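Reading the structure
Now for the letters of each chain:
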Amino acid sequence: MAESAVPAPLDNDRLLRALLREPLDRTPVWMMRQAGRYLPEYRKLRQQAGSFLALCQNPELACAVTLQPLERFPLDAAILFSDILTIPHAMGRGLYFAAGEGPRFERPVRTESDIRALPVPDPGDSLRYVTDAVSLIRRELCGRVPLIGFAGSPWTLATYMVEGGSSKNFALAKAMLYGRPDLMHQLLEKLAQSVTSYLNAQVEAGAQALMIFDTWGGVLTPAAYREFSLRYAEQIIAGLLKSRGGRRVPVVFFTKNGGPWLEAMSETGADALGVDWTQDIGDARRRVGARVALQGNLDPGVLYAPPDVIREHVASVLEEYGHGSGHVFNLGHGIHPEVDPEHARAMIEAVHTLSPGYHTT
Ligand code: CP3
């Protein structure tokens, strides 16, 4: 892989310091889905590009969209504009987005021969548009804030591949998990290899922190979570590049509705855990101790309320987490498309104003 130009030093490294639980002046803040439909400038670029996938697959446009929320708000991180489903697409499953229906695959994965035939994609080839976007974003950021790369967890990717899209009951994925666990493991093993090399390619292209999205781990039983989700997250994290350019590349592992399993998640080798809003982040901190940092966990629904209410809820999350480093302020899941951008600003500004009090020595 080509070495990118010598990167500028970081002006604002609060995100990386918080993920490593190093001392700070205030709590860093970014938002899951911070580039997206709630921003009029995003909707405009998407319309010009023709589709969401066209934005993802064009490095210049993906870079422009990544930077949009940073031009509006004083955020402490950029996150690559892409999708978790780029991997199954690169495995030949034919990703498309049907209007109003979310993601779909032309060729779902249902049988033993489907799984046997799946390639482990070479990120330098069929996912080159992603690594090109990462290098370009790094160049355009000029060291303002760190860039987060990401991928889906094998289990979450497998649900979309087996179901052929989003699902309510995960009928086909669970039929395979319980009826043919051997097949599900073959699929998860290929996905774990693919995710590992994809994330490492993002690091080589310039990603400075990584996040693994396990959006659907929370629909599993405790035993199935350990066997079909956690174990592969652990395998991936063990295979990741630990540092680049002399700086550690921290990894955030997020299982939505994974609250019951935070202790086990804190043993995967991740530097930090994403926490959704169903947990008190102070309880989460007491449970994981000093093993990992935490990222979260304002209910994205709070952003429907007026700014003064938003400030009160930001204050509560900061108070629950309490004194000291190791907290990255975020929503507990992605920002909703109907949210007024000024309400996102109220959240971000409240973190800037209220969090320094938690970092005095
Ligand atoms: O956080 C960011 O700003 C980075 C960009 C990002 C997107 N998707 C852009 C996107 C990230 C990190 C993702 C991850 C992703 N994609 C997940 C895991 C995180 C989560 O939300 O749980 C999942 C499950 C997907 C799969 C996916 N992609 C779905 C279910 C959808 C449709 C959802 C919807 O809101 O309609 C997408 C499309 C998608 N990915 C959009 C964006 C901005 C909306 C596309 C559009 O309509 O313009």
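Anyway, here's the lowdown on the structure attached to this text. Computed from a predicted structure; not experimentally measured. (Residues numbered from 1 in each chain as written. Predicted model: local features only at pLDDT ≥ 70, side-chain atom pairs only at ≥ 80, totals over all residues. Heavy atoms only, no water.)

Here's the deal with the packing of aromatic side chains
Heads up, the rule is: In this analysis, rings of Phe, Tyr and Trp, with Trp reduced to its six-membered ring, are considered paired at centre separations within 6.5 Å, and the interplanar angle assigns stacked below 30 degrees, edge-to-face beyond 60, and tilted for intermediate values. Each helix corresponds to a stretch of at least 4 residues labelled H or I by DSSP, and each strand to a stretch of at least 2 residues labelled E; elements are numbered beginning at the N terminus. Exposure is judged per residue with a 1.4 Å probe applied to protein chains only, and the accessible area is read against the type maximum: over 50% gives exposed, under 20% gives buried, and values in between give partly exposed.
In total, this model carries seven aromatic pairs according to the counting rule given. Seen from their ring centres, Phe170 and Trp216 are 5.2 Å apart, and the 55° between their planes marks the pair as tilted. Of the two residues, Phe170 sits in the loop between helix 8 (154-163) and helix 9 (171-179) while Trp216 sits in the loop between strand 5 (209-214) and helix 11 (222-238), which places them 46 residues apart along the sequence. What makes Trp216 partly exposed here is its relative accessible area of 24%. Put simply, the rings of Tyr42, Phe52, Phe81 and Phe97 pair up and form one aromatic cluster.

With respect to the site of the ligand
What counts is decided by this rule: Each residue is tested against the molecule or strand, and it is near if at least one of its non-hydrogen atoms lies within 4 Å. Any pair of N or O atoms that falls within 3.5 Å is considered a polar contact. Within protein, one atom must be able to donate a hydrogen and the other to accept it, and sequence-neighbouring residues count only if both atoms are side-chain atoms. Throughout, the Shrake-Rupley method with a 1.4 Å probe supplies accessible areas, and for residues the shown protein chains are the sole cover considered. Classes in brief: Ala, Val, Leu, Ile, Met, Phe, Trp, Tyr, Cys and Pro nonpolar; Asp, Glu, Lys and Arg charged; the others, Gly included, polar.
The environment of the ligand is formed by 22 residues, the closest being Arg33, Arg37, Tyr42, Arg46 and His333. A distance of 2.6 Å separates an oxygen atom of the ligand from a polar atom in the backbone of Arg33. Arg46 is positioned with one of its side-chain polar atoms (N or O) 2.5 Å from an oxygen atom of the ligand. Compared with its free state, where it exposes 880 Å², the ligand has 88% of that area covered by protein. Considering only residue class, the shell around the ligand consists of 14 nonpolar, four polar and four charged.

Some words on the packing of helix 7 (residues 128-141) against helix 10 (residues 181-205)
Condition: The axes are straight lines fitted to the C-alpha atoms, using for helices just the contacting stretch, and the angles between their N-to-C directions are given from 0 to 180°. Should an angle fall under 35 degrees it is called roughly parallel, over 145 degrees roughly antiparallel, and 65 to 115 degrees roughly perpendicular, with every other angle called oblique. In this scheme the crossing of two helices becomes right-handed for a clockwise turn of the near helix relative to the far one and left-handed for an anticlockwise turn of less than a right angle. Residue contacts follow a heavy-atom distance rule, with two residues in contact if any of their heavy atoms lie within 4.5 Å.
Contact geometry for helix 7 and helix 10: axes closest at 8 Å, N-to-C directions at 30°. Considering the angle they form, helix 7 stands roughly parallel to helix 10. Crossing angle aside, the handedness with which helix 7 passes helix 10 is right-handed. Facing helix 7, whose interface residues are Val130, Thr131, Val134 and Ser135, helix 10 presents Tyr198, Ala201, Gln202 and Ala205. Residue classes in the contact of helix 7 with helix 10 are distributed as five nonpolar, three polar and no charged.

Comments concerning the pairing of strand 5
Condition: Following DSSP output, two strands are said to pair if at least two bridges run between them.
The element strand 5 is extensively covered by neighbouring structure, given that six of its six residues are classed as buried. Alternating positions in strand 5 separate into two faces, Ala209, Met211 and Phe213 on one and Leu210, Ile212 and Asp214 on the other, with burial throughout. As paired elements, strand 5 and strand 8 (residues 251-255) share five bridges and run parallel to each other. Residue pairing in the sheet places Phe213 in a bridge with Phe254 of strand 8.

Purely spatial values, then, with no claim about function.
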